Amino acid sequence: MLTKFNIENFDVIYQLMEESFPIDERRSYDKQKNLLSNPYYSIYGIQDKENIVCFLAIWEFSNFVFIEHFATNPKYRNQGIGAKALKECTQLIHKPFCLEVELPDNELAMRRIHFYQRNDFCLNDYDYMQPSYEPNQEAIPLKIMTLHQSISKEQFQFIKNILYKEVYNIK
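Residues numbered from 1 in each chain as written. Predicted model: local features only at pLDDT ≥ 70, side-chain atom pairs only at ≥ 80, totals over all residues. Heavy atoms only, no water.

### Some remarks on the nonpolar core
Part 1 of the reasoning: In this structure, Phe55, Phe66, Tyr128, Leu163 and Tyr168 are the most contacted members of the largest nonpolar core, which totals 32 residues.
Part 2 of the reasoning: Of all elements in the fold, only helix H1 (10–20), strand E2 (41–47), strand E3 (52–60), strand E4 (65–72), strand E8 (140–147) and helix H5 (153–167) reach the threshold of two or more residues within this core.
Part 3 of the reasoning: Not counting residues within four places of it along the chain, the set of residues in contact with Tyr128 comprises Glu100, Ile140, Pro141, Leu142, Ile144, Phe156, Lys160, Leu163, Tyr164 and Tyr168.
Part 4 of the reasoning: Leu2, Tyr76, Ala85 and Met145 belong to the second-largest nonpolar core, a separate cluster that totals 24 residues. (Core = buried A, V, L, I, M, F, W, Y, C linked by side-chain atoms within 4.5 Å. Buried < 20%, exposed > 50% of the residue type's maximum accessible area, 1.4 Å probe, protein only. Helix = DSSP H or I, 4+ residues; strand = E, 2+ residues; numbered from the N terminus. Contact = heavy atoms within 4.5 Å.)

Here it is in structure tokens:
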């Protein structure tokens, strides 16, 4: 069952984040931990008796929810748990959802995109650049996926503007 995690779970979640995302796709430990005091930011997940099974780090804005990080513990992959957590999260919060994915230019990226497509997300064909999290990191070309339907160029620009301002602190 999906539950909202708190600061006591943070160290284990950050460790899973480090294992699951390259350095250019995450913040430093302190910056990530400080987000827990941001009213837009929450971490949900599934936990068994001993482990964090998976987590979704989300930003809930007034008009939509952005899934910034989503990872399943390697011990629990390929068991349908990630799909279950994603579905529970999108049913828990009744707003449009979006997330970033890598460009569909290699097999692993295509597998991730297909996972989201199987879970009712649509790949939008607009150019998008994820700003760097840290000064020494690179910006990353990505795509935006949205739940249930593709979005217009205007909707894409609206989402991009909020993400750049609130998530990546580009004023």
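### Focus on the side chain of Asn51
Part 1 of the reasoning: As for its placement among the helices and strands, Asn51 is situated in the loop between E2 and E3.
Part 2 of the reasoning: By relative accessible area, which is 17% here, Asn51 ends up buried.
Part 3 of the reasoning: A polar atom in the side chain of Asn51 sits 3.0 Å from the side chain of Tyr76.
Part 4 of the reasoning: For Asn51, the residues in contact, after removing those within four places along its chain, are Ile46, Asn73, Lys75 and Tyr76. (Polar contact = N/O pair within 3.5 Å; in protein donor to acceptor, adjacent residues only side chain to side chain.)

### Thoughts on H1
Part 1 of the reasoning: Looking at H1, one finds that the buried residues are Phe10, Ile13, Tyr14, Leu16 and Met17. The buried residues of H1 occupy an angular sector of 160° when projected down its axis, which confines them to one face.
Part 2 of the reasoning: The inward-facing, buried residues of H1 contact helix H2 (29–34), E2, E3 and E4. (Arc of directions from axis to C-beta.)

### Regarding unusual backbone geometry
In terms of backbone geometry, most residues other than glycine have negative phi values and most peptide bonds are trans.
Part 1 of the reasoning: The phi torsion at Asn78 lies on the positive side, around 65°, for a residue other than glycine.
Part 2 of the reasoning: Within the fold, Asn78 resides in the loop between E4 and helix H3 (81–92).
Part 3 of the reasoning: At Asp120, a position not held by glycine, the phi torsion is positive, near 75°.
Part 4 of the reasoning: Positionally, Asp120 belongs in the loop between helix H4 (107–118) and strand E6 (121–123).
Part 5 of the reasoning: Overall, Asp120 belongs to the partly exposed group, its relative accessible area being 36%.

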